[in-house]
Amino acid sequence: MSAQFGNIDHTPFDLSGKVVVVVGGGQMPGPQIGNGRASAIMAARHGAEVVVVDKNEAAARETVDMIAAEGGTSYPVIADVSDKEDCRRIFDVTMQRSGRVDGMVYSVAINPPFDAETDTMTTADFDHGINVNMLGGYYCNLFAAQCMERNDGDTTGSIVNISSIASVKNEIGLNIRIMPYALGKCGLNYITELTAAQFAASGVRANTLMLGPIDSNLANHDCQTLFEQTPAEAEQAHRDVVKLKMGRASAWETAYAVLYLLADESRFMTGQQIRLDGGAALLR
Ligand SMILES: NC(=O)c1ccc[n+]([C@@H]2O[C@H](COP(=O)([O-])OP(=O)(O)OC[C@H]3O[C@@H](n4cnc5c(N)ncnc54)[C@H](O)[C@@H]3O)[C@@H](O)[C@H]2O)c1
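Below or above, wherever it landed, is the structure these notes cover. Note that the coordinates shown come from a computational prediction; the quantities given were computed from them, not determined experimentally.

A general trend in soluble globular proteins is that nonpolar side chains are found buried together. By size, the foremost hydrophobic cluster in this structure holds 74 residues, and its most contacted members are Val 22, Val 23, Ala 43 and Ala 144. For this core, the leading source of residues is helix α4 (residues 123-148), giving 8 residues. Residue contacts for Val 23: discarding those within four places in its chain leaves Val 53, Val 81, Ile 90, Met 104, Val 105, Tyr 106, Ser 107, Val 108 and Cys 140.

Right, here's the structure in full:
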């Protein structure tokens, strides 16, 4: 299989014929492009039929429209990943409509509101954060892998879980204000390894992409509300995380890494936690 990759006429990262489900494929409204949306557009540019899943219907439809404007193929599925049955429905709808699942990107996360005066958050908000950031990831991994294992070939499907260096880089992650986020990402790292081990015999791969500071509307918004920062302070705080002075990336850098992981060219990679963080986790 991989011998063909060295051929001069091989088209790299060709996803044609593949169905890729991008969970969190809308984005928080605003001027920057989000990681899920950029990944969905990238997968469509490389030939995949893309299922754009989001709780925010307008945002999902906007991604579908952007893909259509470039001549790509996609459709929206509106779902709330904090609900197990909604997670199952994502893949039921995809199988009914497209007949297969080859790729799944889990790119959803939230930071529940935090009360700085009492240094707490409500139990309901905490639980919702874990449900979205972690349990939804587990169910989407499970249901995606169960679809993928029906495919033929030595690599039957690829799962990419979008995690964060907040799960490993202590001075970011060890902060009570983002506990359901960081804890959820730690869980997502584990879920990746679990999926990789559980479904390896069926040819399903799973990898974690651990992002550093990416210039997204969600990251900018959460920094401002959770840490009471001005936009300029939030931008500086994101840049300060990267001690190697690599600055901040856009979601397009994420999308190229996602493309590699979805494509058959990465067929020997599974169960990995890959840091896309400008070296932030290298020098603290
Ligand atoms: N931006 C960063 O600096 C950064 C860093 C590390 C990791 N990440 C990760 O990248 C991913 C995407 O984040 P982003 O910053 O690009 O934001 P984004 O704009 O893509 O926003 C997240 C999306 O998730 C959707 N969503 C929220 N709750 C949902 C639910 N219950 N069900 C379904 N959809 C739901 C939102 O509607 C939104 O479209 C997240 O997993 C985030 O943790 C981002």
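Additional details are given in the paragraphs that follow.
Lining the immediate surroundings of the ligand are 30 residues, of which Gln 27, Gly 34, Ala 109, Ser 216 and Leu 218 lie closest. Tallied by class, residues from the shell around the ligand come to 15 nonpolar, 12 polar and 3 charged.

Glancing now at the packing of helix α1 (residues 35-45) against helix α2 (residues 57-69). The N-to-C vectors of α1 and α2 enclose an angle of 30°; their axes lie 10 Å apart at closest approach. Between α1 and α2, the angle is such that the two are roughly parallel. The hand of the α1/α2 crossing is right-handed. Residues Arg 37, Ala 40, Ile 41 and Ala 44 of α1 form the contact with α2, whose participating residues are Thr 63, Met 66 and Ile 67. Each residue belonging to the contact of α1 with α2 can be placed in one class, and the counts come to 5 nonpolar, 1 polar and 1 charged.

Rules used throughout
- Residues numbered from 1 in each chain as written.
- Predicted model: local features only at pLDDT ≥ 70, side-chain atom pairs only at ≥ 80, totals over all residues.
- Core = buried A, V, L, I, M, F, W, Y, C linked by C-beta atoms within 7 Å.
- Buried ≥ 20, exposed ≤ 12 C-beta atoms within 10 Å, placed from the backbone.
- Helix = DSSP H or I, 4+ residues; strand = E, 2+ residues; numbered from the N terminus.
- Contact = placed C-beta atoms within 7 Å.
- Near = placed C-beta within 6 Å.
- Nonpolar A, V, L, I, M, F, W, Y, C, P; charged D, E, K, R; others polar.
- Axes fitted to C-alpha atoms, helices over the stretch in contact; angles between N-to-C directions.
- Parallel < 35°, antiparallel > 145°, perpendicular 65-115°, else oblique.
- Left-handed = near helix turned anticlockwise from the far one by under 90°.

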